[in-house]
Amino acid sequence: MKKVFLPSLIMFTALFIAACSDSGNELSEFTGNEMEMALIPGSVEGNTTSGTLKIRERNDGRAQLEITLNDVISGAEHPVHLHFGSLSDNGDVATYLTTLKEVNGVGKSVSILETLDNNITIDYNNLLNFDGSIKIHFETSGPLENEILGSTNIGLNADQNEAYLNGAKSITSCNSNFGN
């Protein structure tokens, strides 16, 4: 019995340590600094969405943006842009973020920022002070490319979101031009 028990105990202990190490890898990628905000709902062709943006600081200082958008169309892919200026400014595109893709009714996009399209470096702290906004477009090109499924002001403009969330202001279209 000892011959079977000791090797089994050693193997179980090794597997337990390996499993604990793997689950800790995600935690070790981030500093713990993060913020989450509700996305301003969008409505295109009778489809209304809701969701969140989470901005997390990675250990190397970069910002990871995680977007979750509920009630997207099955199989849909939607472009996501980081814009200069607030939602009311309708500013130029600063950079593309990872395309939002639907899986089981929920759209997901995860982007790690390093530079904007004009080669300006941006990290977590810069993003918290950035004069910008994020918009999720219905399509990349075509008649609905400037229609918005979800959006939010970020950085310096984040305090303006409440007016959009409570209906005092609304956004329905977008400027897809790049500003370099």
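Rules used throughout
Residues numbered from 1 in each chain as written. Predicted model: local features only at pLDDT ≥ 70, side-chain atom pairs only at ≥ 80, totals over all residues. Heavy atoms only, no water. Pairing = 2+ DSSP bridges. Helix = DSSP H or I, 4+ residues; strand = E, 2+ residues; numbered from the N terminus. Phe/Tyr/Trp six-rings, centres within 6.5 Å; stacked < 30°, edge-to-face > 60°. Buried < 20%, exposed > 50% of the residue type's maximum accessible area, 1.4 Å probe, protein only. Lys NZ or Arg CZ within 6 Å of the ring centre and 35° of its normal. pLDDT = per-residue confidence, 0-100. Contact = heavy atoms within 4.5 Å. Polar contact = N/O pair within 3.5 Å; in protein donor to acceptor, adjacent residues only side chain to side chain.

To continue, consider the sheet that holds strand E5 (residues 50–58). Pairing in this open sheet of nine strands is antiparallel, and the strands run E1-E5-E6-E9-E8-E7-E10-E11-E2 from one edge to the other. Where the open sheet ends on each side, the last strands, each with one partner, are strand E1 (30–38) and strand E2 (40–41).

Moving on to the packing of aromatic side chains. For the structure on display, the rule yields one aromatic pair. Judged by centre distance (5.9 Å) and plane angle (45°), the rings of Phe-84 and Phe-130 are tilted. Pair noted here: Phe-84 is in strand E7 (residues 77–84) and Phe-130 is in the loop between helix H2 (124–128) and strand E10 (131–137), with a separation of 46 residues, a long-range link. A relative accessible area of 25% means that Phe-84 is categorised as partly exposed. Given a relative accessible area of 10%, Phe-130 falls into the buried group. When the ring centre of Phe-30 is taken as origin, the NZ or CZ atom of Arg-56, which lies over that ring, is 3.6 Å away.

Attention shifts here to the confidence of the model for the chain. Interpretation of the predicted coordinates at a detailed level should be avoided for regions scoring low in pLDDT. Model confidence for the chain is summarised by a mean pLDDT of 84, while 80% of its residues fall at 70 or above. Note that residues 11–16 has pLDDT below 50 and, in this model, zero contacts with residues that lie over four places away or in other chains.

Turning next to the environment of Gln-64. Of note, Gln-64 is situated in strand E6 (residues 63–70). In sequence terms Gln-64 and Tyr-124 are 60 residues apart; their C-alpha atoms lie 7.8 Å from each other. Engagement of the side chain of Gln-64 in a polar contact is seen with the side chain of Arg-58, the distance being 2.5 Å.

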